[in-house]
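Geometric and topological summary
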Amino acid sequence: MRTADIVTVETTLGPGRLTVSAAGAVAASAAGATSAESAASAASSTPAKSATPATSAEAAPSAAAAAPRPRAVLWLGHGAGGGIDAVDLAALAAALPALGITVIRYEQPWRVAGKRVASRPAALDTAWLETASAVDRIADGLPILVGGRSAGARVACRTAASTGAAAVVCLAFPLHPPGRPDTSRLDELLTPDVPVLVLQGERDTFGTAATVAAETEGRPSVRVVPVPGADHGMRLLASSPFPAAAVRELLVSQVAAFVDGVV
């Protein structure tokens, strides 16, 4: 399987689409690039000990050594206002395969059809569940974690038991509609009987990280990680001291560590 394969899945609501960023041998090149970038970053921030340039072997470990065997699949859905190229979904798909985690991003039928308005929650759940068997085939026995951003996170939580998910990853969970704290989706977030990781922006108008943490307090299965300065789209203010690259690195490192704890 290539780095990003496209799989069309027919559902009763129309075709959906899976974009598969596979772990395994193909991840070696990505792992090598990541290692090289890390080495370059470290070199730029660390005083040089000598004027002798590093060899390629010193600059980065071999790609083959850096790419572990596939060990898990992370199946992610997009939000109601965007697609699978959202910054958080794209960051995970780009980095996790080199760590042995296949990332599958699912485009709902309404999105594939080019519609601008998302389907209702029940229809989103139906399309997701009808795609589960295709994801199972791709996983080929590996544990599957489900998740998504915003509306996609809600779908993953509501259907976690039906899909047999090992855990749930929520990116920007929409706890309350903006300006409507009386309308809560806390019951959805608490639905899964498996571990749940929530990566939530500190400025998220659908519920800040502090709000989500407060409302899930006492629920050991739910872990909330604040994303400094981020809004619902994981965007930062121009004045933020926390750079966009650091947001992506935080997302990747937290999800990778969560997968380690589950599988």
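Heads up: the structure comes first, above all this text.
Described below are features of the structure shown in this document.

This part covers the packing of helix α4 (residues 87-95) against helix α10 (residues 244-262). Where α4 meets α10, the axes come as close as 9 Å, and the angle between the chain directions of the two elements is 60 degrees. Put simply, α4 runs oblique to α10. You can see that α4 and α10 cross each other, and the crossing is right-handed. The segment α4 lies against α10, with V87, D88, A91, L92 and A95 engaging R248, L251, V252 and V255.

With their axes 10 Å apart at the nearest point, helix α6 (residues 121-139) and helix α7 (residues 151-163) run at an angle of 40 degrees to one another. Classified by the interaxial angle, the pair formed by α6 and α7 is oblique. Once α6 is placed against α7, the crossing between them reads as right-handed. Contacts from P121, L124, D125, W128, L129 and A132 in α6 reach V155, R158, T159, S162 and T163 in α7. Per-class residue counts for the contact of α6 with α7 are six nonpolar, three polar and two charged.

Let's shift gears to the side chain of T11. Assignment of secondary structure puts T11 in strand β1 (residues 5-11). A polar side-chain atom of T11 sits 3.0 Å from the main-chain amide nitrogen of L13. At 2.5 Å, the side chain of T11 forms a polar contact with the backbone oxygen of G14.

We now examine the environment of D88. Within the secondary structure layout, D88 lies in helix α4. Spatially, the C-alpha atoms of D88 and G233 are 8.3 Å apart, while their sequence positions differ by 145 residues. Those residues in contact with D88 that lie beyond four places of it in its chain are R149, L171, M234 and L251. Within the structure, D88 has its side chain in polar contact with the side chain of R149 (distance 2.9 Å).

What follows is about empty space enclosed by the protein. One pass over the structure, following the stated rule, counts two cavities of 30 Å³ or more. In this structure, the largest cavity encloses a volume near 70 Å³. Around the largest cavity, the lining residues are G77, H78, G79, A80, Q108, W110, A118, L124, W128, A151, G152 and V155. In terms of residue count, α7 provides more of the lining of the largest cavity than any other element does, three residues in total. Of the pockets and cavities examined, the second largest cavity occupies roughly 30 Å³.

As a further point, take the environment of A210. Structurally, A210 is set in helix α9 (residues 209-215). Each C-alpha atom, one on A210 and one on P226, is 7.6 Å from the other, the two residues being 16 residues apart in sequence.

Take the sheet that holds β1 next. Read across the sheet, eight strands follow the order β1-β2-β4-β3-β5-β6-β7-β8 without closing on themselves; strand pairing throughout is mixed. On the outer flanks of this sheet lie β1 and β8 (222-227), each paired with one strand and no other. Across the sheet, the mean angle separating the axes of adjacent strands is 20 degrees when strand polarity is ignored. Sheet topology places strand β6 (residues 168-171) next to strand β7 (residues 196-201); four bridges connect them, and they run parallel. Within the sheet, the bridge partner assigned to L171 lies in β7 and is L199. Along the sheet, α4 makes contact with β2 (14-21), β3 (72-77), β4 (101-107), β5 (144-149) and β6, crossing β4 at roughly 145 degrees. This element, α7, spans β3, β5 and β6 of the sheet and lies at about 155 degrees to β5.

Phi at D140 takes a positive value of approximately 50 degrees, unusual for a residue other than glycine. The topology assignment puts D140 in the loop between α6 and β5. Despite not being glycine, M234 has its phi angle at roughly 60 degrees, a positive value. Position of M234 among the secondary structure elements: in the loop between β8 and α10. For M234, a relative accessible area of 5% puts it in the buried group.

Glancing now at the environment of L124. Relative to the helices and strands, L124 resides in helix α6. C-alpha of L124 to C-alpha of V155: the two residues are 31 residues apart in sequence and 6.9 Å apart in space.

Each value, and the rule that gives it
- Residues numbered from 1 in each chain as written.
- Predicted model: local features only at pLDDT ≥ 70, side-chain atom pairs only at ≥ 80, totals over all residues.
- Heavy atoms only, no water.
- Axes fitted to C-alpha atoms, helices over the stretch in contact; angles between N-to-C directions.
- Helix = DSSP H or I, 4+ residues; strand = E, 2+ residues; numbered from the N terminus.
- Parallel < 35°, antiparallel > 145°, perpendicular 65-115°, else oblique.
- Left-handed = near helix turned anticlockwise from the far one by under 90°.
- Contact = heavy atoms within 4.5 Å.
- Nonpolar A, V, L, I, M, F, W, Y, C, P; charged D, E, K, R; others polar.
- Polar contact = N/O pair within 3.5 Å; in protein donor to acceptor, adjacent residues only side chain to side chain.
- 1 Å grid on protein atoms, 1.4 Å probe; cavity = no way out; pocket = protein on both sides within 12 Å on 5 of 7 lines; lining within 4 Å.
- Points joined across faces, edges and corners; volume = space filled by probe spheres on them.
- Pairing = 2+ DSSP bridges.
- Buried < 20%, exposed > 50% of the residue type's maximum accessible area, 1.4 Å probe, protein only.

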